[in-house]
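# Examining the three-dimensional arrangement
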Amino acid sequence: MPGLIRGVARTAVVAGTATAVSNRVSRRQQGRWAQQEAAEQPAAAPAPPPPTQSADDSNNTIAQLKELGELKSQGVLTDAEFEDQKRKILGS
């Protein structure tokens, strides 16, 4: 019986050591992968979205563009003047 207990104990120690080593290797790999991902993140980060306009600003912009279009269709503005004013309204 003592030989059987000694064999079971030895197997438990070997299995426990193997599990501990395997877990440590897995944690190291996860740590390295996390570092690699963190290093890649800033380079691949998308540009922040442009500031959004409020509903009042959007309605005002649309009204200005409609008025500008009417002036162009009436012949008051040339194509170049229309494009220039449109760029100013849109802020680009």
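Residues numbered from 1 in each chain as written. Predicted model: local features only at pLDDT ≥ 70, side-chain atom pairs only at ≥ 80, totals over all residues. Heavy atoms only, no water.

### Let's talk about the packing of helix H2 (residues 55-73) against helix H3 (residues 79-90)
Running from amino to carboxyl end, H2 crosses H3 at an angle of 175°, the nearest separation of the two axes being 10 Å. Classed by the angle they form, the pair H2 and H3 counts as roughly antiparallel. Within the contact between the two elements, H2 uses Thr-61, Gln-64, Leu-65, Leu-68, Gly-69 and Lys-72 and H3 uses Asp-79, Phe-82, Gln-85, Lys-86, Ile-89 and Leu-90. Classifying every residue of the contact of H2 with H3 by side-chain character gives five nonpolar, four polar and three charged. (Axes fitted to C-alpha atoms, helices over the stretch in contact; angles between N-to-C directions. Helix = DSSP H or I, 4+ residues; strand = E, 2+ residues; numbered from the N terminus. Parallel < 35°, antiparallel > 145°, perpendicular 65-115°, else oblique. Contact = heavy atoms within 4.5 Å. Nonpolar A, V, L, I, M, F, W, Y, C, P; charged D, E, K, R; others polar.)

### A closer look at the packing of aromatic side chains
Under the defined criterion, the tally for this structure stands at zero aromatic pairs. Here the guanidinium or amino end of Lys-72 rests over the ring plane of Phe-82, the centre of that ring lying 4.8 Å away. (Phe/Tyr/Trp six-rings, centres within 6.5 Å; stacked < 30°, edge-to-face > 60°. Lys NZ or Arg CZ within 6 Å of the ring centre and 35° of its normal.)

### Topic: the confidence of the model for the protein
Of all residues in the protein, 83% have pLDDT values of 70 or greater, and the mean over the chain is 81. In the model of the protein, helix H1 (residues 2-44) stands out as the element of lowest mean pLDDT, 80, in contrast to H3, which has the highest, 89. (pLDDT = per-residue confidence, 0-100.)

### What to know about H3
Within an α-helix, residues lying three or four positions from one another point in the same direction, as the helix has 3.6 residues per turn. Relative to the 16 Å expected for twelve residues at 1.5 Å per residue, H3 spans 16 Å between its end C-alpha atoms, a close match to the ideal helical length. Gly-91 lies just past H3 and shows a positive phi near 75°. (Expected span 1.5 Å × (residues − 1).)

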